[in-house]
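# Survey of secondary and tertiary structure
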Amino acid sequence: MFSAIARVFRTPDLRRKIAFTLGIIAIYRFGAHVPTPFVNFPNVQSCLAASGSTDGLLSLVNLFSGGALLQLSIFALGVMPYITATIIVQLLRVVIPHFETLYKEGQAGQAKLTQYTRYLTIALALLQSTTLVTVARSGQLFGTTNIAECNTLLTNDAWWAQLLMIITMTAGTGLIMWFAELVTERGVGNGMSILIFTSIAASFPVAMWAIWQAKGFEVFLLVLAVGIVVVAAVVFVEQSQRRIPVQYAKRMVGRRTLGGTNTYIPLKVNQAGVVPVIFASSLLYIPALIAQFNQTPDADGNVPGWVAWIQAYLTKGDHPLYMLLYFLLIVGFTYFYVAITFNPVEVADNMKKYGGFIPGIRAGRPTAEYLDYVLTRITLPGSIYLGLIALLPLIALATVGANQNFPFGGASILIIVGVGLETVKQIDAQLQQRHYEGLLR
């Protein structure tokens with residue numbers, strides 16, 4: 001293992017790629033701590049230290065930005081606008097036939113879809129930065145608190161100052177998108193995935209230290225042991241796949257014989273990735289957001305009944321009803337996203353076009369029905385696995401009270417493991433091209 005790592009740094013081309021990737025990561029992390037103009041940075045820091053963290057969608061966005069969101073830095077929005085834009089463009093393929101046509105056109109169509117994703121990212125960044133500046137100006141960024149510093153997060157709340165903040169945050173999102181593309185072209189791995197990995201991994205040491213200080217060394221060791229088990233389980237499931245055997249018939253092209261090969265279709269157990277967790281978190285945050293803007297008391301000084309019900313059951317992660325709804329939403333969104341991203345009819349048609357067939361299954365419609373049957377069967381354990389992993393931070397809150405500091409669960413551990421595995425595979429492939437012996441054995 002150590003000799004393989006040494007070979008990585010002895011290979012000039014690979015060494016340059018890794019050095020370039022690390023340089024981009026360093027600039028990205030530096031920008032996450034540079035405050036936006038007209039932000040009262042000392043007040044933000046004291047309010048952040050006093051209030052700890054937030055729940056719901058805001059905590060998820062703050063996680064993906066590496067803590068930059070609640071610090072109101074120039075990279076406050078992080079990669080979330082790009083992630084949202086990518087998911088929207090992917091879903092629009094089902095609704096807009098032109099998008100599906102572009103997707104099937106190959107490299108030229110993919111480049112056009114990437115351009116649409118960039119434009120949508122900037123539009124979402126404008127919208128999200130405007131919302132963030134408005135919430136920071138109103139003093140509600142950290143929720144309802146009695147801390148005086150939280151009401152004066154900006155040094156200047158004039159319209160032109162707010163406009164400059166919005167432009168700065170939007171430009172920061174565009175810069176992050178450019179960084180990601182540079183890493184993809186000149187570095188190692190997928191650039192956007194690497195930046196997400198960096199943002200989440202940067203919060204791990206702080207989270208573990210906070211658990212040690214708040215709960216003691218015994219709880220720290222318990223969390224560490226649970227983390228090792230969870231990482232091993234996630235690696236096992238992420239690598240698990242159902243291989244559907246495919247055979248291609250022989251055919252003559254000129255004087256050459258093509259086909260006659262055996263291959264397989266890999267169907268992953270977790271075909272949907274981390275997207276259902278993001279969908280479920282976003283949807284569960286909507287009732288709490290609506291209730292937050294309808295807290296005007298009546299004549300008796302009481303808030304409306306439906307607002308009180310939402311505050312009691314749908315805002316705290318340790319409530320059983322919240323956990324149940326969260327789990328069911330993840331299971332439902334897993335089936336929904338897999339149905340959108342994997343089309344058995346299209347796969348069956350492509351196999352039939354090139355003379356491929358599944359042994360014992362007729363080509364065409366029976367193949368599509370068989371693929372849909374297998375995919376539905378393996379999606380069930382995949383969705384249950386996603387739901388259990390996402391519930392880990394909520395279970396930690398209910399047991400040891402370490403929700404805001406529990407790093408080994410939810411979207412964070414799925415992204416850390418997934419990106420780590422994919423990056424190691426890419427380095428291994430490049431090593432095998434040069435030395436015939438990879439990083440993994």
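Our structure is the block above this text.
For every chain, the first residue of its written sequence is number 1, and the numbers climb from 1 along that sequence. Residue-level local features of this predicted model are given only where pLDDT is at least 70; pairs of side-chain atoms are given and counted only at 80 or more, and the full residue set underlies all totals for whole chains, interfaces and linings. Only heavy atoms go into the side-chain values, all of them from the structure, while hydrogens and water stay out.

Secondary structure elements follow DSSP: runs of H or I of four or more residues count as helices, runs of E of two or more count as strands, with numbering from the N terminus. Along the protein, the regular secondary structure elements total 17 helices and 5 strands. Exposure classes here rest on a 1.4 Å probe applied to the protein chains alone. A residue is buried below 20% of its type maximum, exposed above 50%, and partly exposed in between. Each of the 441 residues in the protein was classed as buried or not, and the buried ones make up 42%. Put simply, of all contacts in the protein between residues at least 6 apart along the chain, 71% involve residues at least 24 apart. We get accessible surface area from the Shrake-Rupley algorithm with a probe of 1.4 Å; when it comes to residues, only the shown protein chains can shield them. In the form shown here, the protein has an accessible surface area of approximately 22700 Å², with 63% of it arising from carbon and sulfur atoms. In this analysis, two residues are considered to be in contact whenever any of their non-hydrogen atoms come within 4.5 Å of each other.

Time to look at the environment of P393. Mapped onto the secondary structure, P393 falls in helix α16 (residues 365–399). In this structure P393 comes out as buried when scored by relative accessible area, which is 12%. Once the C-alpha coordinates of P393 and G410 are considered, the two residues, 17 residues apart in sequence, prove to be 6.8 Å apart.

How far a helix is expected to stretch is found by multiplying one less than its residue total by 1.5 Å. For helix α11 (residues 217–239), spanning 23 residues, the distance from its first C-alpha to its last is 33 Å, which sits close to the expected 33 Å at 1.5 Å a residue. Taken together, the buried positions of α11 are occupied by V219, F220, V223, G227, V230, V234, V237 and E238.

With respect to the helices and strands, the residue V345 is situated in helix α15 (residues 344–353). Each C-alpha atom, one on V345 and one on T367, is 8.1 Å from the other, the two residues being 22 residues apart in sequence.

Residue F38 is not a glycine yet carries a positive backbone phi of 70°. On the secondary structure map, F38 appears in the loop between α2 (12–31) and α3 (41–51).

Of the positions making up helix α6 (residues 97–104), those classed as buried are F99, E100 and L102. Projected onto a plane normal to the axis of α6, the buried residues spread over an arc of 160° and lie on a single side. Opposite the buried face of α6, by more than 90 degrees, sit the exposed residues P97 and K104. Where the residues of α6 are buried, they touch α5 (80–95), α7 (107–138) and α15. The first or second residue beyond α6 is G106, which carries a positive phi of 90°. Here, the arc refers to the directions that run from the helix axis to the C-beta atoms.

When DSSP finds two or more bridges between a pair of strands, those strands are recorded as paired. Strand order in this open sheet of 3 strands is β4-β1-β5, and the pairing throughout is antiparallel. At either margin of the open sheet sits one strand with a lone partner, and together these are β4 (262–268) and β5 (356–357). Relative to β5, strand β1 (residues 241–248) runs antiparallel, the two sharing 2 bridges. Bridging across to β5, Y248 finds its partner in G356.

The next thing to look at is the nonpolar core. In summary, soluble globular proteins display a tendency toward joint burial of nonpolar side chains. Ranked by size, the top nonpolar core spans 63 residues in total, and within it V277, Y326 and L414 carry the most contacts. Looking at this core element by element, the count peaks at 11 residues for α16. We call a set of buried residues a nonpolar core when its members are Ala, Val, Leu, Ile, Met, Phe, Trp, Tyr or Cys and they connect through side-chain atoms within 4.5 Å of each other. Counting 15 residues, the second largest nonpolar core, distinct from the first, contains V44, L72, A76 and L132.

Before going further, it helps to spend a moment on the packing of aromatic side chains. Pairing of aromatic side chains here covers Phe, Tyr and the six-membered ring of Trp, requires ring centres within 6.5 Å, and sorts the geometry by plane angle: under 30 degrees stacked, over 60 edge-to-face, intermediate tilted. Throughout the structure, instances matching the rule amount to 13 aromatic pairs. A ring pair is formed by F75 and F179, whose centres lie 6.5 Å apart and whose planes are at 85°; its orientation type is edge-to-face. Taken together, the residues F75 in the loop between α4 (57–64) and α5 and F179 in helix α8 (residues 159–186) connect sequence positions 104 residues apart. In this structure F75 comes out as buried when scored by relative accessible area, which is 4%. By relative accessible area, which is 6% here, F179 ends up buried. Put simply, the rings of Y28, F75, W178 and F179 pair up and form one aromatic cluster.

A few words on the side chain of R93. Among the structural elements, R93 can be located in helix α5. Here a polar contact is recorded for every N or O atom pair within 3.5 Å, except that within protein the pair must consist of a potential hydrogen donor and a potential acceptor, and residues adjacent in sequence are included only if both atoms are side-chain atoms. A distance of 3.4 Å separates a polar atom in the side chain of R93 from a polar atom in the side chain of E100. With residues near it in sequence (within four places) discarded, R93 still touches F99, E100 and Y103.

Quick look at the pairing of β1 now. Walk down a regular strand and you will see the side chains alternate between the two sheet faces. In the sheet, β1 pairs with β4 via 7 bridges, with the strands oriented antiparallel. Bridge pairing in β4 places P245 opposite Y264.

Purely spatial values, then, with no claim about function.
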